[in-house]
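# Structural overview for review
In case you want the letters, here they are:
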Amino acid sequence: MKRKAGYSAILLLIICAVVFSSFPVFAQKEILTEEKYLEPPDDIKNLVLNENYKNITLRNLGPDGENFLVPVPSGIIPIDVMAKPFYVLGEMEFDYMANRSRRMTTRYSAGFKVFNWKNETWTEVQLPKNCTSVNGTSWSPDGSQVAYFALFDDKTEIWVADVTNGKSKRVTKNPVLATWVTGFDWSADGQYILTVLVPDKRGPEPVEPAVATEPKVRVTTKKTPTRTYPFLLQTMHDKNLLEYYSTGQLALVTVKNGKVKKLGEPAMFKSIDLSPDGMYVYVSMMQKPFSYITPASRFGSVNEIWDMEGQKMVEVTKTELREATVGGSGSRGDNNKRSITWRADGAGISYLEMEPRKEGDEDEEEDSDEEKKSMDRVMLWKPPFDDDSKEVIYESEKRIGSLDYSAEADIMFMTQTDDGKRHIFAVHMNNKDQVYTIDKRKGSGGYRDPNRVTLMTYELPNGESAVRMDAGGSVFLQGTVISKKPEEEAPKPFIERVNIRSSDKTRIFESSPDIYENHLIPVDNSFGELIITRESPTMHRDTYVMNLRTKSLKKLTNNTNHTPEISGLQRSYHEITRVDGIKFWARLVLPANYRSGTKLPALVWFYPREYTSQKNYDESRSRYNKNSFPRTSARSWDYFSQLGYAIIYPDCPIIGESGKMNNNYVPDLRNNMWAVIDYFDKMGVIDRDKLGLGGHSYGAFGTANAMIHTPFFKAGIAGDGNYNRTLTPVTFQSERRWFWDAREVYISMSPLLWANQMNGALLMYHGQDDANTGTFLINSERMFHALNSLGKTTSLYVYPYEHHGPITVETQLDMWARWVQWMDMYVMSPEKYKEKKEKPDKK
């Protein structure tokens, strides 16, 4: 599907339809029915527009160890940025006027500066005239320059800035094509930049026929389970547009004078990677055929190595079109090769690969006396990348999870998981029989693993990654100490020095128990100094440099808390027990001036999550951080505290047998809500007759269900939700069963099918261009239609150009204007509207 935001969307400024079954016309007020963008009361408006976005965290340290790249944030973006015309093709968004990904246009920096932390000087980079914003900043190998995408309304260019004076010069005289490839590569000597340009002879954009030339045709060929996507390709014209805006010219551009060397013919490049020696390019290219039933990201692709004349040297892997998106990844072709990367020493391509089966192995009887097991291999493919230049570097009977190298590639670092333990080990190239254990502990090493530790790496001047090592042959592990009682002890990031040969460990840094210290960046591989951030519940986050020998600190930033009225709220955490004995936690937020014993109107904001047991839920809380500074977003419900509400953020565990947790969705949801309300009512802080709730996405889904299956809430706010699970019949969220395998579960969880039982007043908001799988706009439109037909109290606000989560300033302010009025009418002060009904204005 393609969509031009500047045209069709403008016809739908705001859909606002409200049914009032309880209140007279005069109580509706313009706030709820006005078809224009509104603003909330000043107290809320000022919070939404707060300037906390101006605070900085130093993260991007240059190769010299002294200069940081610091983006200049833009704040909440205005609606005219989102209103710029764009195409959506196979779930990919294209800013076609500027030949780039729309995400670059809508997620950007206003500029950037260079901060030298040693002498505490700032250099502001001078942007080119008419440049609206920047994206994709990248250090030159020696750190003397910074390259970046300069974003113009009608084109995208690469410019380079001098770090010492901030002056910029243009590198690409021809416009860049940044639709798929949204970055670029420096050569190791800093003289060239590899990028994708708009082809010289591309010609005009394909024209859509004024009169249809074909019907819409869909024919099944095989079982192809897919998730639900709203913006797939629809027509032959869509296919033509996708090819047009995906096809670019690979080019090597001289930084000094902008001279262009074209490499090969134009192709649909998805990624490009220049070799460390600058002699080859590893390219990934999208392939036809295209599909109408799966996103463009799953179309076929081929990965090849090219020489610097643009000639194909070898095909590395090929992936076929993968239309099935559920229950497997579909056909991947020759994808046995994995973890493919250039080796940092320039020797060639490194990758992992299972030992190929020998001819006849597949015919061996299953009960063969000697079990044959394929080895997992580390491979090196040297130039000229023919069959004779492949070399087996290392073999293991166990599958290798990841592979890294030292800077000189003389040591390999690998991970394996066995018997529930993750093993990090090193192997020297000159003695591959000797394995040196660096770390071995329980866990998978996945992102959510509380025991996760990783080897610290850094980027070499040639653009490749290497494991950090000091002069004594030690490496460095980074992880976090996780308490079994996170409400009592906060997570503590740490760094350990590990001697490879002896396995001796020394913890050289661990966060304070009372201050959260994170974002650990060593100045160099000696680890004498460490750039860190520090924060606590009463101390705003700032960046410091710590001397690891003396533990002395030097503050590098001076951030400001622009919302002291929010950080100063009363916050507490409470363990709540359900009627079935399940224990879970809830965060209570009270106004700063709250006095004990006062019962306040309360609002509940929540998001249901599935677990297999109490233990599984308890483990999920391991990364709760009691030492973090209270931060807010433009949609933070903490803002309601300024109007006299108590805010409750409960966990909402749905617990059941693995794969069948949702069998308990409705009763667990009901029990969670009852337990929360009963607990805080007995605590004496909430008025259980004045309750509202809300949630976004799956939380919106939960909000509608809670208002249908419980009688507790007078009003709700639900954003970008799904309200009919039959519209997602082939899995959703963590539910892996299909509708036909768990029909009653899907039906019981679908608010639309129980809309006649809705209690209270439901406000829905939805982004017009919500492309999130399963939550597109039709959900809210059909839910409104049902509630409207049934005479329930409801409203729907549809916001132009917005996705799965509103981001424009106009939308944010308008939402708050409606939210405040909605909760006031149905939760905080319904009696005052009834009084007006009894005493109408005599005028």
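Our subject is the structure listed above.
Calculation rules
Residues numbered from 1 in each chain as written. Predicted model: local features only at pLDDT ≥ 70, side-chain atom pairs only at ≥ 80, totals over all residues. Heavy atoms only, no water. Helix = DSSP H or I, 4+ residues; strand = E, 2+ residues; numbered from the N terminus. Rg over C-alpha atoms; globule rule 2.2 N^0.38 Å. Buried < 20%, exposed > 50% of the residue type's maximum accessible area, 1.4 Å probe, protein only. Contact = heavy atoms within 4.5 Å. Pairing = 2+ DSSP bridges. Axes fitted to C-alpha atoms, helices over the stretch in contact; angles between N-to-C directions. Parallel < 35°, antiparallel > 145°, perpendicular 65-115°, else oblique. Phe/Tyr/Trp six-rings, centres within 6.5 Å; stacked < 30°, edge-to-face > 60°. Core = buried A, V, L, I, M, F, W, Y, C linked by side-chain atoms within 4.5 Å. Salt bridge = Lys/Arg side-chain N within 4 Å of Asp/Glu carboxyl O. Polar contact = N/O pair within 3.5 Å; in protein donor to acceptor, adjacent residues only side chain to side chain. Expected span 1.5 Å × (residues − 1).

What follows concerns the overall build of the protein. Assigned secondary structure in the protein consists of 13 helices and 50 strands. Computed over its C-alpha atoms, the radius of gyration of the protein comes to 29 Å, within 12% of the 28 Å expected for a compact globule of 843 residues. For the protein, the C-alpha atoms occupy an extent of roughly 90 × 75 × 70 Å along the three principal directions. Within the protein, the fraction of its 843 residues that count as buried is 54%. Counted over contacts in the protein with a minimum sequence separation of 6, partners at least 24 positions apart contribute 61%.

Reading across from one edge, β13-β14-β15-β16 is the order of the 4 strands in this open sheet, with antiparallel pairing throughout. Sheet topology places β13 (185-186) and β16 (260-262) at the edges, where each strand pairs with a single neighbour. Two strands pair when backbone bridges link them, and strand β14 (residues 192-197) and strand β15 (residues 249-254) are joined in this way by 6 bridges, in the antiparallel orientation. Paired with V196 across the strands is L250, a residue of β15.

Turning next to unusual backbone geometry. Following K288, the chain continues to P289 via a peptide bond in cis, the omega torsion being 10°. With omega at 10°, the peptide bond leading from P383 into P384 counts as cis. Following the sequence through the fold, P384 ends up in the loop between β23 (376-381) and β24 (390-396). Positive phi is not limited to glycine here, since A409 has a value of about 60°. Even without glycine at this site, S697 takes up a positive phi of about 60°. Positionally, S697 belongs in the loop between β45 (686-696) and α9 (698-709).

Attention shifts here to the packing of helix α8 (residues 665-683) against α9. Two quantities define a packed helix pair, namely the angle between the helix axes and the distance between the axes. One can describe the packing of α8 onto α9 by two numbers: an axis separation of 10 Å at closest approach and a directional angle of 80°. Judged by the angle between their axes, α8 and α9 are roughly perpendicular. Where α8 abuts α9, its residues Y665, V666, L669 and R670 lie against Y698, F701, G702, N705, A706 and H709.

Ordered by their spatial adjacency, 4 strands build an open sheet running β29-β32-β33-β34, and the pairing between neighbours is antiparallel. Edge positions in the open sheet fall to β29 (453-455) and β34 (505-510), since each of these has one partner strand only. Pairs of neighbouring strands in the sheet enclose a mean axial angle of 25°, with direction left out of account. Here strand β32 (residues 474-481) runs beside strand β33 (residues 492-499); their pairing, made up of 8 bridges, is antiparallel. Each residue of the ladder has a partner; that of Q478, found in β33, is I495.

On to the packing of aromatic side chains, then. Scanning the entire structure with this criterion turns up 35 aromatic pairs. Ring centres of Y96 and Y245 lie 6.4 Å apart, and the angle between their planes is 50°; on these two criteria the pair is classed as tilted. Of this pair, Y96 sits in the loop between β5 (92-95) and β6 (100-101) while Y245 sits in helix α5 (residues 236-246), and the two are 149 residues apart along the sequence. With respect to class, Y96 is no different from Y245; both count as buried. Geometrically, the ring pair formed by Y280 and F385 is edge-to-face, given 5.2 Å between the ring centres and 90° between the ring planes. Here F385 lies in the loop between β23 and β24 and Y280 lies in strand β18 (residues 280-286), a separation of 105 residues in the sequence. Note on F385: relative accessible area 2%, which makes it buried. An aromatic cluster of at least three residues, connected via ring pairs, comprises W605, W637, Y639, F640, Y645, Y765, W816 and W819.

The two faces of a sheet get side chains in turn, since along a regular strand they alternate between them. Where burial is concerned, most of strand β10 (residues 145-151) is hidden: 6 out of the 7 residues are buried. The pairing of strand β9 (residues 133-139) with β10 spans 5 bridges and is classified as antiparallel. Counterpart to S138 in the pairing with β10 is A147. If you look at the hairpin formed by β9 and β10, you'll find 5 residues sitting between the two strands, and G143 has a positive phi there, around 80°. Counted between consecutive antiparallel strands, the loop separating β10 from strand β11 (residues 156-162) contains 4 residues.

Counting buried residues along strand β36 (residues 529-536), 7 of its 8 residues qualify, which places the element largely inside the surrounding structure. As paired elements, strand β35 (residues 516-522) and β36 share 5 bridges and run antiparallel to each other. From the neighbouring strand, Y516 faces β36, where its bridge partner is E535. Between the antiparallel neighbours β35 and β36 lie 6 residues, among them F527 with a positive phi of about 60°. Alignment of β36 against strand β37 (residues 539-547), held across 7 bridges, turns out to be antiparallel.

So, on to the nonpolar core. Across soluble globular proteins, nonpolar side chains have a tendency to be buried as a group. Judged by nonpolar contacts, the single largest core of 59 residues is most densely connected at I648, F680, I686 and F713. When residues of this core are assigned to their parent elements, the largest contribution, 8 residues, is made by α8. Not counting chain neighbours up to four residues away, the residues in contact with I648 comprise A586, R587, L588, A602, L603, V604, W605, V676, F680 and I686. Membership of the second largest hydrophobic core comes to 36 residues, among which are I44, A634, I717 and V809.

Per the stated rule, a full pass over the model turns up 43 salt bridges. With a closest N to O distance of 2.9 Å, R818 and D814 form a salt bridge. Residue R818 and its partner D814 are located together in helix α12 (residues 809-828), separated by 4 residues, close to a single helical turn. Residue classification places R818 among the buried positions, given a relative accessible area of 1%. The class for D814 is buried, based on a relative accessible area of 0%. Among the charged side chains, a network of salt bridges with common partners joins E489, K492, E496, R507 and E510.

Glancing now at the environment of G774. Relative to the elements of secondary structure, G774 occurs in the loop between β49 (761-767) and α11 (778-789). Overall, G774 belongs to the buried group, its relative accessible area being 3%. Taking C-alpha positions, G774 is 36 Å from L352, a pair spaced 422 residues apart along the chain. When neighbours within four sequence positions are excluded, G774 is seen to be in contact with T228, N722, R725, T728 and N779.

We now examine the side chain of K84. By the secondary structure assignment, K84 is in the loop between α3 (79-82) and β4 (87-89). For K84, a relative accessible area of 14% puts it in the buried group. Within the structure, the side chain of K84 is placed 2.8 Å from the side chain of D95, a separation counted as a polar contact.

Attention now goes to the side chain of R737. Residue placement: R737 occurs in strand β48 (residues 735-738). Only 3.3 Å separates the side chain of R737 from the backbone oxygen of G659, close enough to count as a polar contact. In contact with R737, other than residues within four places in its own chain, are G659, K660, N662, N663, T731, A742, V745 and Y746.

Further remarks concern the environment of D514. Positionally, D514 belongs in the loop between β34 and β35. The exposure class of D514 is exposed, given its relative accessible area of 55%. Once residues within four sequence positions are removed from consideration, D514 is found in contact with S536 and N627.

The next thing to look at is the environment of Y573. Mapped onto the secondary structure, Y573 falls in strand β39 (residues 570-577). Judged by its relative accessible area of 35%, Y573 is partly exposed. Once the C-alpha coordinates of Y573 and K626 are considered, the two residues, 53 residues apart in sequence, prove to be 9.5 Å apart. Those residues in contact with Y573, other than ones at most four positions away along the chain, are W585, A586, R587 and Y624.

Along an α-helix, a turn takes 3.6 residues, which lines up residues three or four apart on a common side. Taking 1.5 Å of rise per residue, 12 residues should cover 16 Å, and α9 covers 16 Å from first to last C-alpha, within 8% of that figure. Most of α9 sits inside the fold, with 12 of its 12 residues counted as buried. When α9 is considered as a whole, its buried residues turn out to be Y698, G699, A700, F701, G702, T703, A704, N705, A706, M707, I708 and H709.

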